[in-house]
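# Observations on the three-dimensional arrangement
Below, each chain spelled out in residue letters.
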Amino acid sequence: MLFRSTPLSHIVRLARFRAEEAVPESDAELASIQDYVRRWAQEDQHKARLAMIHAGVLFWHVRRYSADAFYEPAGVFLAALAMWAYGTFATYSPALKDGESPWDEDDVDALFPTLMRLDRPADDELVQLFVKRGGGMRAVVTGVGNLCSARGPVRVLIEGRKLLMELKKWGDSRRAVGTLSALIEWCQQGEATSS
């Protein structure tokens, strides 16, 4: 399964709470769900990064080879939400500090990649490096940039909504567009208040 170890039900519930499509029974329920998703992104980071590879591949596939199949809107919706959750909660620690040269010959990690393009074909070794040691790598998606940047989570929601709107409407795809739109608005309000 594409996202077997990804807490999709928790991520979807959190997104719907944030988009005000559902109301948590209590503040404790919201905090518990948010903490569960945060722990997935931070403590299960290897599984979370593997899920990002799959989510990025899904975006790439739908952009290039869409058959307007019934499963594509649901896949794009879940991939966008998984990337949003990862970008929101994952800890990103760049390998280099400001002013350091990436080519310090005394540094063993100097040849370690600093970027993973999630929605591009990738070499198996690069994928394994990202999954195992990718905490300091930028997780980049076309039209989004780095998922873990300040605007990465909202940008991936915008990109996911754009992809959904280009697909044939199946099942709950209109609801999915509405959820992403409301979540985008919630994220942008949060950005405005933190500025």
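Scroll up to find the structure.
Note that the structure is a prediction, hence the values are computed from the model and not measured. (Residues numbered from 1 in each chain as written. Predicted model: local features only at pLDDT ≥ 70, side-chain atom pairs only at ≥ 80, totals over all residues. Heavy atoms only, no water.)

### Observations concerning the sheet that holds strand β3 (residues 145–146)
If you walk across this open sheet you meet the 3 strands as β1-β2-β3, and the pairing is mixed. A single partner strand is all that each edge strand has here, and the edge strands are β1 (115–117) and β3. Bridge analysis of β1 against strand β2 (residues 138–141) gives 3 bridges, and the strand direction is parallel. The residue of β2 that forms the bridge with Arg117 is Val140. (Pairing = 2+ DSSP bridges. Helix = DSSP H or I, 4+ residues; strand = E, 2+ residues; numbered from the N terminus.)

### With respect to the pairing of β2
Within a regular strand, the side chains alternate between the two sheet faces. Handedness of the crossover joining β1 and β2 through helix α5 (residues 124–133) is recorded here as right-handed. Counting the residues in the hairpin turn of β2 and β3 gives 3 residues, including Gly143, whose phi is positive at 80 degrees. (Right-handed = clockwise from strand over helix to strand, strands pointing away.)

### Thoughts on helix α1 (residues 8–18)
Of all the 11 residues making up α1, 8 are buried; the element is thus mostly covered by neighbouring parts of the structure. Taken residue by residue, α1 has Leu8, Ile11, Val12, Leu14, Ala15, Arg16, Phe17 and Arg18 as its buried positions. The positive-phi residue at the C-terminal boundary of α1 is Glu20, with phi of around 60 degrees. (Buried < 20%, exposed > 50% of the residue type's maximum accessible area, 1.4 Å probe, protein only.)

### Observations regarding α5
Within α5, the full set of buried residues consists of Val127, Phe130 and Val131. When α5 is viewed along its axis, its buried side chains cluster within an angular range of 95 degrees and face the same direction. Of the exposed residues in α5, the ones pointing more than 90 degrees away from its buried face are Glu125 and Lys132. Summarising the contacts, the buried residues of α5 are in contact with α3 (45–65), α4 (72–89), β1 and β2. Backbone nitrogen of Glu125 and a side-chain oxygen of the N-cap are separated by 2.7 Å at the start of α5; the cap is Asp123. (Arc of directions from axis to C-beta. Contact = heavy atoms within 4.5 Å. Polar contact = N/O pair within 3.5 Å; in protein donor to acceptor, adjacent residues only side chain to side chain.)

### Side note on a positive patch on the surface
A surface patch of positive charge is lined by Arg64, Arg117, Arg120 and Arg138. Within the secondary structure layout, Arg117 lies in strand β1. Overall, the relative accessible area of 46% leaves Arg117 in the partly exposed class. (Patch = residues over 30% accessible without salt bridge, like charges linked within 9 Å, V, L, I, M, F, W, Y side chains within 5 Å. Areas by Shrake-Rupley, 256 points an atom, 1.4 Å probe, with all protein chains shown as cover. Salt bridge = Lys/Arg side-chain N within 4 Å of Asp/Glu carboxyl O. Lys, Arg positive; Asp, Glu negative; His and termini not counted. Charge placed at Lys NZ, Arg CZ, Asp CG, Glu CD.)

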